[in-house]
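Examining the three-dimensional arrangement
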Amino acid sequence: MREAGLVEVEDPSARFVGEATAAPGSVVLCAMEGTRPLLVEVQALVAPTEVVPPRRVANGIDRNRLAMILAVLARHGGVGVGGADVFVNVAGGVRVDEPGADLAIALAVASAHRGEPLSDSEGRPLACFGEVGLTGELRYVAHVERRVAEARKFGLAPVLGPFVREAPAGLLAAPTLRRALAAARRDRGDLREAA
C-alpha cells in the first residue's frame, strides 16, 4: 500500500528468500499461490519441555496438518519429538494451505530436532516441496516445473521433492520421507551432481 493506492509486488520470492537463513530448523518451501510460484521460509523450533502434553504451535500452516506430519516423522522418519514442544512458523506472515508444504515442515522440524542446518557449502538453505503420505511416501503435487524454476532463479538447486515422470533439471527426487531426510543431510555439493 502506497500513497497512490495498492502497488503490485513484482517478485515476492526475492523478499522471502533474501531473509531466509541457513540455520537449524530453516528450509525454503517452493509453494504455489494459485498458479504463481512463491518461495517462503519455513522455520521450526523443537525444545524440551516438562509440560504434558507438549505444545504444538503452528503459524501459517494448519495445526492438524502439523500433528499429522509429526506422527509420520516419528513412525517413518525416525524423528520422535513426543517429549518436546514444537513450534513451526512460515516467515513473513504468509499462510500456506497446500499439501506441497508437508516436506518443508518435516525437514524443518527434523533439522531443528537434530540441531543441524540443511544448507549447501555456500550457506544457502535447502529448497523443497512435496506432500507426505501417512505411510511415509512423498506424493506428487502440481506445478513441479514452476516450483523448481523459481528456486533455481535464486540459486537454490537442487530442489528436493517427490518423483515425477519427467523430472525437470534441478529436481532431486526422493520416493519416501526417510530417503528425503537422508538426502537433505548429505553435503548438497554432492547432491548437485546427482540432480
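Note that the structure is predicted; figures quoted are calculated from it, not measured. (Residues numbered from 1 in each chain as written. Predicted model: local features only at pLDDT ≥ 70, side-chain atom pairs only at ≥ 80, totals over all residues. Heavy atoms only, no water.)

**Side note on the overall build of the chain**
- Each helix and strand counted, the chain has six helices and nine strands in total.
- The buried share among the 195 residues of the chain stands at 49%.
- Of the roughly 9,700 Å² of accessible surface on the chain, a fraction of 50% belongs to carbon and sulfur atoms. (Helix = DSSP H or I, 4+ residues; strand = E, 2+ residues; numbered from the N terminus. Buried < 20%, exposed > 50% of the residue type's maximum accessible area, 1.4 Å probe, protein only. Areas by Shrake-Rupley, 256 points an atom, 1.4 Å probe, with all protein chains shown as cover.)

**Side note on the sheet that holds strand β1 (residues 26-33)**
- Read from one edge to the other, the open sheet built from seven strands follows the order β3-β4-β2-β1-β5-β8-β9, with strand pairing classed as mixed. Whereas interior strands pair on both sides, the edge strands pair on one side only; in this sheet they are β3 (56-59) and β9 (171-174).
- As paired elements, β3 and strand β4 (residues 84-90) share four bridges and run parallel to each other. Bridge pairing links Asn59 to Asn89 in β4. (Pairing = 2+ DSSP bridges.)

**A closer look at unusual backbone geometry**
- The linkage connecting Val52 with the following residue, Pro53, adopts the cis geometry, with an omega of -5°.
- The peptide bond linking Ala157 to Pro158 adopts the cis configuration, its omega dihedral lying at 5°.
- Mapped onto the elements of the fold, Pro158 is located in the loop between α4 (144-153) and β8 (159-162).
- Backbone geometry at His143 places phi at a positive 65°, although glycine is not the residue there.

**A short note on α4**
- Residues of α4 that are buried: Val144, Arg147, Val148, Glu150 and Ala151. The buried residues of α4 occupy an angular sector of 160° when the element is viewed end-on, so they sit on one face.
- At the C-terminal side of α4, Gly155 shows a positive phi close to 75°. (Arc of directions from axis to C-beta.)

**Observations regarding the environment of Ala112**
- When you line up the elements, Ala112 lands in helix α3 (residues 102-114).
- Among the residues examined, Ala112 registers a relative accessible area of 15% and is labelled buried.
- Placed 65 residues apart in sequence, Ala112 and Ala47 show a C-alpha to C-alpha distance of 8.7 Å.

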